[in-house]
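# Examination of the molecular architecture
Chain by chain, the residues:
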Amino acid sequence: MQMKPFSLDGIEYSFVHLAPFEVTVPAKEPLAAPAVLRVTFSHHVFSEKWNPSKHAPSHEFTVDGEKRAFCPLRYQCSHQIRQIVEYNIAGKAFESRDSNGVLRHLFYGEIDGVQFPVFFNLRKADRIPGIDGILHIISAYKKPDLPAKVRLQSVKFARLVHINCPPSRN
């Protein structure tokens, strides 16, 4: 995702912190190779669905044909996503339903005492030299009603990666 800074009420919001970056996921077995993932971001990490009765016209923007509303709260939280990803790559991922009822994988974070799910897709990267998979952050926002970790199905993230994006190097 490449996006120019967004200006709202005289404040310019930069998206430099949402530039793609790489992480190395430790091997799940002693003789296996670690996997390298490129982390990318959706515009949903700093915006929400457009609602003309809720949002001021100054918050409106369109990306890939989708009308969205810039959300300063989500934008503020988006600065924590990299830290949450880096912390969780050696731990577990969880499964939960997103706002559309689709079963998604997520990292479970917390900001200011409020649950903060980081929903993601994981796919093999066949055409990027040195990269085994793409970890695409779909959405991330404070969600107080997210069930406790113990109520969510979990999987070791390394296992999930090595099933979906096995390293091509050994």
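In what follows, the accompanying structure is described. Every residue gets a number counted from 1 within its own chain, in the order that chain's sequence is written. The predicted origin of the model limits local features to residues at a pLDDT of at least 70 and limits the giving and counting of side-chain atom pairs to 80 or more, whereas totals for whole chains, interfaces and linings rest on all residues. Here the side-chain values reflect all heavy atoms present in the structure, with hydrogen atoms and water set aside.

### A word on the pairing of strand β6 (residues 60-63)
Here the term buried applies to any residue with accessible area under 20% of the maximum for its type, exposed to any over 50%, and partly exposed to those in between, with areas from a 1.4 Å probe on protein chains only. Only runs of H or I of at least four residues qualify as helices and only runs of E of at least two qualify as strands under DSSP, and these elements are numbered from the N terminus. Of the two faces of β6, the one holding Phe61 and Val63 is buried and the one holding Glu60 and Thr62 is not buried anywhere. In this antiparallel pair of consecutive strands, β6 and strand β7 (residues 66-70), the connection spans two residues, and Asp64 shows a positive phi of 50°. Strand pairing is assigned whenever DSSP identifies at least 2 bridges connecting the two strands.

### Structural notes on the pattern of salt bridges
Any carboxyl oxygen of Asp or Glu that lies within 4 Å of a side-chain nitrogen of Lys or Arg is treated as forming a salt bridge with it. One pass over the full model with this rule turns up six salt bridges. We note a salt bridge from Arg38 to Glu22, for which the minimum N-O separation is 2.5 Å. Of this pair, Arg38 sits in strand β4 (residues 35-41) while Glu22 sits in strand β3 (residues 21-25); the two residues are 16 residues apart in sequence, bridging distant segments of the chain. The partly exposed category is assigned to Arg38, whose relative accessible area is 24%. For Arg82, the salt bridge is made with Glu86, and the minimal N-O distance between the two is 3.0 Å. Of this pair, Arg82 and Glu86 are both found in helix α2 (residues 81-88), four residues apart, which corresponds to roughly one turn of the helix.

### Describing the nonpolar core
Across soluble globular proteins, nonpolar side chains have a tendency to be buried as a group. Leu135, Ile137 and Phe157 are the most contacted members of the largest nonpolar core, which totals 38 residues. Residues Leu106, Phe119, Leu146 and Leu152 belong to the second largest nonpolar core, which totals eight residues. Nonpolar core, defined: a set of buried Ala, Val, Leu, Ile, Met, Phe, Trp, Tyr and Cys residues in which side-chain atoms within 4.5 Å join the residues together.

### Observations regarding the environment of Phe116
By the secondary structure assignment, Phe116 is in strand β10 (residues 114-124). Sequence-wise, Phe116 and Pro167 are 51 residues apart; in three dimensions their C-alpha atoms are separated by 29 Å. Apart from residues no more than four positions distant in its own chain, Phe116 is found in contact with Cys77, Ile81, Ile84, Phe107, Tyr108, Gly109, Glu110, Ile111, Ala140, Tyr141 and Lys142. Only heavy atoms matter for contacts: two residues are in contact if any of them lie within 4.5 Å across the pair.

### Digging into the sheet that holds strand β12 (residues 153-156)
Pairing in this open sheet of seven strands is mixed, and the strands run β3-β4-β11-β10-β9-β8-β12 from one edge to the other. A single partner strand is all that each edge strand has here, and the edge strands are β3 and β12. Adjacent strand axes in the sheet meet at a mean angle of 40°, parallel and antiparallel pairs treated alike. Sheet strands in contact with α2 are β3, β4, β8 (92-97), β9 (103-111), β10 and β11 (133-140), and its direction is about 110° off that of β9. To obtain each axis, a line is fitted to C-alpha atoms, and for helices this fit is confined to the stretch in contact; angles are then taken between N-to-C directions over 0 to 180 degrees.

### Things to note about the packing of aromatic side chains
Only centres within 6.5 Å qualify two rings of Phe, Tyr or Trp (six-membered ring in Trp) as a pair; their planes then separate them into stacked at under 30 degrees, edge-to-face at over 60, and tilted for everything else. Scanning the model with the defined rule gives 13 aromatic pairs in all. Where Phe15 meets Phe46, the ring centres are 4.4 Å apart and the plane angle is 45°; that geometry is what we call tilted. Taken together, the residues span a long stretch of sequence, with Phe15 in the loop between β2 (11-13) and β3 and Phe46 in the loop between β4 and β5 (47-49) at a distance of 31 residues. The pair formed by Phe15 and Phe46 is uniform in burial state, with each residue classed as buried. Ring centres of Phe120 and Phe157 lie 5.8 Å apart, and the angle between their planes is 85°; on these two criteria the pair is classed as edge-to-face. Here Phe120, found in strand β10, pairs with Phe157, found in helix α3 (residues 157-164); they are 37 residues apart in sequence, far enough to count as distant. Residue Phe120 is classed as buried on the basis of its relative accessible area, which comes to 2%.

### What about the environment of Ala90?
Relative to the helices and strands, Ala90 is located in the loop between α2 and β8. Considering only alpha carbons, one finds Ala90 and Tyr108, 18 residues apart in sequence, at a separation of 13 Å.

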